[in-house]
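Structural features, examined
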Amino acid sequence: MTPNAASTSSGPSRRSFLASTAVATAAVAGGMALLTACGGSDSRSGEGTTSGKAADKLLPAYVASTVAKPDLPSKNGSSAGFTSKVDLAALQASVPKKLGTGAPLKIMSPLWGTPPKDGCAYYKAVDAAAGTNVTWQNQDGNTYAQKLGAVLASSSIPDMVVVPSWILVSNKLPSAVNAKFMDLGPYLAGDRVKKYPNLAAIPSDSWRMSIFGGALRGIPMPSAPASFIMPYYRKDIFDRKGYSVPKSADEFLSWAKDATSAKAKVYACGDMSWVSGSIFGAAPGWNIDADGKLRYGIERPEYLEALEWTRKLFDAGVVHPDDKARTGDAGQRFTAGQILVFNSDSSAWYTKTAEQAHANPDFRIEAMDIFGADGGNPTLYASAPATIWSMIRKGASKATVENALAAADFAAAPYGTKERMLVDYGVEGTHYTVKNGVPVKTDQGNSEVINAWTMLAAPAPYFAHPDFPEIARKQAEWQQRMGAFMKKTSTYGMNIVEPTRYASLSSQFEQLQIDYVRGNKKLSDVQAAISTWRSSGGDKLRDWYKELLDKNGSGN
Amino acid sequence: MSLTARSRPDGARPPGAVEEPTVAAATAGTKVRAPRRTSEAGKVPWRIRLRRDRALILMTLPVIVLLLLFNYVPLLGNIVAFQDYDPYVSSNGVTAILHSPWVGVEQFSRMLDDPLFWDAAKNTLVLFVLQLVFFFPIPIALALLINSVIRPRVRAVAQAIMYLPHFFSWVLVVTVFQQVLGGAGIVAQTLENHGWSGFDLMTNSSLFKYLVIAEAVWKDAGWGIIVFLAALAAVSTDLYEAAAMDGAGRWRRMWHVTLPALRPVVALLLVLRVGDALSVGFEQFLLQRDAVGAGASEVLDTYVWNMGIKSGDFSYAAAVGLAKGLIGVCLVLGANKFAHLLGEQGVYQK
């Protein structure tokens, strides 16, 4: 067993930063959000999508990585899992020589937390190893969309820019992607990618999601299709109180009433909106349903059922009042035992475990299996194979592009390599120390080794936590179990740019959902909004999608 | 009261000018400039005036440049309200204005047809009226109260405590309120222990308007007393002594000396406030939007932010912002006129 270096930040886990900090936006990023708008707008060029053979021509060749074999290979669309002991002494190099040439490179990336100083030991070490010379322009992840909008409207765009998909929803940014970022085809298409072995090992589905306006413009951060939002529960408290894990929507509600005690400051759950769509089998976005009709997410009865159930939870007073007011951090209420169930993405399993290990040794977090509303198996819909890209500005010199690709290649090094270890943990002795064969970050490591490099690209999705290998196993197994119930929507895996005139059509639903489940809007308001959506462009957008699917074939 | 009534500053001064010191403090600029304009401006050539005032002009120049650069030049950007502006259509956002299609007043007619805009406008006006009724008088009352405290130490401490919340950010204020008045806050917890459950003021959309007033009072009422205290400090103690000699009690002194002294300042601030009527706050509402729903919390400023910055519909947001600005100008003019009718100076004079 050679898998070595440790990682807490695999592809899907990057969204975790959102899960704790930018709740609303992450809901859009996660595949299981109730409402997944499908991209945005470009009135001049690049409307629609590129799929099938036309897309295959644009894609880089796929050369799987052979560095480390996962203990739990990907199954049912899950991430792979590495669960065995790592041998830090036997780390391999994924790329024999430095690809960077040291040309200066400016990169703008979202960052959740306090950005490390320019020229800190971590940045220096990674630059030295990759042969790059990066100047970071880290921006607060919570307001990244606004920052990016302004930067793209200026005439000084950084050489490389990280673009998350959730900021492309209902605004004019998708057109900016086509206008401002270059076609990477000349550097990556076909066999050309083989110069960058780690990028070549990124799955083709993720690359396909990186085609914008008929050209390969993004370097993807791959995400497993089975990365559903997880309903976490406090295993330790469940065991102590003798609760059994609910198996249907009604069971959940009655358990929640039982478990809530306002007097003791304990509430059953936080806002369950994210996961309710999965429970009720609501397909996100555009899909040709079983009856052969093409529908959008908000038009399905399951959408309203999911909302109504969530509202019942709020009405019953089992949701923490701070979640109702949407203040503070639900993750903290969960670890404090003020709520017993909360939704987040797969990464919270590890981050909460690690965070509580010393302060609260009894703390146990588990994800409950998503149940179907009536108690049977759920119907889950696959999430997009890539939701974050790094892009290179149009007009960048060849040297700049090659250095940017070198940086991305370094960041995409697979588990078990020296590169991965350096990106995720920094330098031994400075950023981490090894205790019992397990790397542990030092204070300097915790403040410098945060998500800047990891945003550029990532290897095929995996879970690996050398300090808590059991968690990696549980995460992978949960995804495999749930992945068995997974379906794909008709638009799955396509990066679709909608015509600009429909850009703001769905923009009011996010707020409407928030307001409805909290009792600040009536069901009739939601229904009225749905019919307004239809009449003010939704039906026309349906025709547009029908044509698109006829032309490109269905994604499922 | 009739003692203080004047129609114009250069008009005949009433005898026994009770308010003299205050007027001097509040409108010193006008008083100095007014005679010059009438007596000298016509005669002294422009060039000579320039040379004479060189030092003053040089001193104001940096501020004027900054004002032009950051307040007036960006105003030109309002032109996108008549376009379907796409900032990414050209190499930068400014030249993109040249390439975006013109749509005339379409954005404005869209605004008039938009029920969400009218909701925001209604909320804004309701909040303005409530702020005027419940918030505006409080700093005056506090200033009178502070003014009546004689011991300087007590006074300084009281003032410091009252100013302090002003320096809290809205995030902090809302969090503090959530911890006290929220569903899991101190009040709710105390009531829960006494058998009353379900108290949650922070997510009650019908009481939201009063909640935001309460928050604003807590945060800014103390700060608002500064200008009134300055006005009160300018009242000559002779007046009080004279009034006391004439046998005026505490209340009569307040009625005939203190309040008349405050009147011009109150009128000035009122005019300014009315002119700013459509700006009732921003962060405060954005932060509590989800707690009470957009229906109760959306005001014009958050609406502009949501449509423009968040949804990228810059042209529409600019149109709404422009309309708001125009209405604001009309309100300033109207309020100023009204102040003149009442015999006050208002913000400016012709």
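Each value, and the rule that gives it
Residues numbered from 1 in each chain as written. Chains lettered and ligands numbered in written order. Predicted model: local features only at pLDDT ≥ 70, side-chain atom pairs only at ≥ 80, totals over all residues. Contact = placed C-beta atoms within 7 Å. Helix = DSSP H or I, 4+ residues; strand = E, 2+ residues; numbered from the N terminus. Axes fitted to C-alpha atoms, helices over the stretch in contact; angles between N-to-C directions. Parallel < 35°, antiparallel > 145°, perpendicular 65-115°, else oblique. Left-handed = near helix turned anticlockwise from the far one by under 90°. Pairing = 2+ DSSP bridges. Buried ≥ 20, exposed ≤ 12 C-beta atoms within 10 Å, placed from the backbone. Arc of directions from axis to C-beta. UniProt positions renumbered as here; feature names shortened; annotations may be inferred.

**Remarks on the interface of chain A and chain B**
Of the residues lining the interface, 32 residues belong to chain A; the matching set on chain B comes to 30 residues. Looking at the side of chain A that touches chain B, the elements with two or more residues in it are α5 (144-152), α6 (173-180), α14 (321-324) and α21 (509-517) of chain A. By residue number, the principal contributor to the side of chain A that touches chain B is α6(A), which donates five residues.

**Some thoughts on the packing of helix α18 (residues 300-310) of chain B against helix α19 (residues 314-341) of chain B**
Residues and elements named next belong to chain B. Look at α18 against α19: their axes get within 7 Å of each other, and the N-to-C directions meet at 160°. Here α19 runs roughly antiparallel to α18, going by the angle between their axes. For the crossing formed where α18 meets α19, the hand is left-handed. Here Leu300, Tyr303, Val304, Met307 and Gly308 of α18 lie close against α19, whose contacting residues are Phe314, Tyr316, Ala317, Val320, Gly321 and Lys324.

**Details of the sheet that holds strand β9 (residues 267-269) of chain A**
Residues and elements named next belong to chain A. Pairing within the open sheet is mixed, and its four strands lie in the order β9-β12-β8-β13. Each of the sheet's edge strands pairs with one partner strand only, and the pair in question is β9 and β13 (365-367). Ignoring strand direction, the axes of neighbouring strands in this sheet form an average angle of 25°. Sheet topology note: the strand β8 (residues 230-234)/strand β12 (residues 339-344) ladder contains four bridges and is antiparallel. From the neighbouring strand, Pro231 faces β12, where its bridge partner is Asn343.

**Quick notes on the pairing of strand β16 (residues 432-435) of chain A**
All names here are of chain A. Pairing of β16 with strand β17 (residues 438-441), which is carried by four bridges, proceeds in the antiparallel orientation. What sits directly across from Val434, in β17, is Pro439. Hairpin geometry of β16 and β17 is characterised by an intervening segment of two residues between the two adjacent antiparallel strands and by a positive phi of about 55° at Asn436.

**Focus: the sheet that holds strand β3 (residues 133-140) of chain A**
Residue and element names in this part refer to chain A. Within the open sheet, the five strands sit side by side as β3-β2-β4-β15-β7. Their pairing is mixed. Bordering the open sheet on either side are β3 and β7 (219-222), each of which pairs with just one other strand. On average, each strand axis in the sheet is inclined to that of its neighbour by 25°, with strand direction left out of account. Pairing of strand β2 (residues 104-111) with β3, which is carried by eight bridges, proceeds in the parallel orientation. Bridge pairing links Met108 to Gln137 in β3.

**A closer look at helix α11 (residues 249-259) of chain A**
Each turn of an α-helix holds 3.6 residues, which means side chains three or four residues apart point in the same direction. All names here are of chain A. Within α11, burial applies to Ala249, Phe252, Trp255 and Ala256. For α11, the angular spread of the buried residues around the axis is 125°, confining them to a single face. For α11, the secondary structure elements touched by its buried residues are β9, α12 (273-279) and α13 (301-315).

**Comments concerning the UniProt feature "transmembrane region" (unreviewed entry) in chain B**
UniProt's feature table lists "transmembrane region" (unreviewed entry) at residues 55-73, 125-146, 167-188, 221-240 and 314-335 of chain B, given in the numbering used throughout. The distance from the first to the last C-alpha atom of residues 221-240 of chain B is 27 Å, and the span holds 85% helix and 0% strand.

**Some thoughts on the environment of A:Gly395**
Along the polypeptide, A:Gly395 turns up in the loop between β15 (386-392) and α17 (398-411). Measuring from C-alpha to C-alpha, the distance between A:Gly395 and A:Met182 comes to 7.4 Å, with 213 residues separating the pair along the chain.

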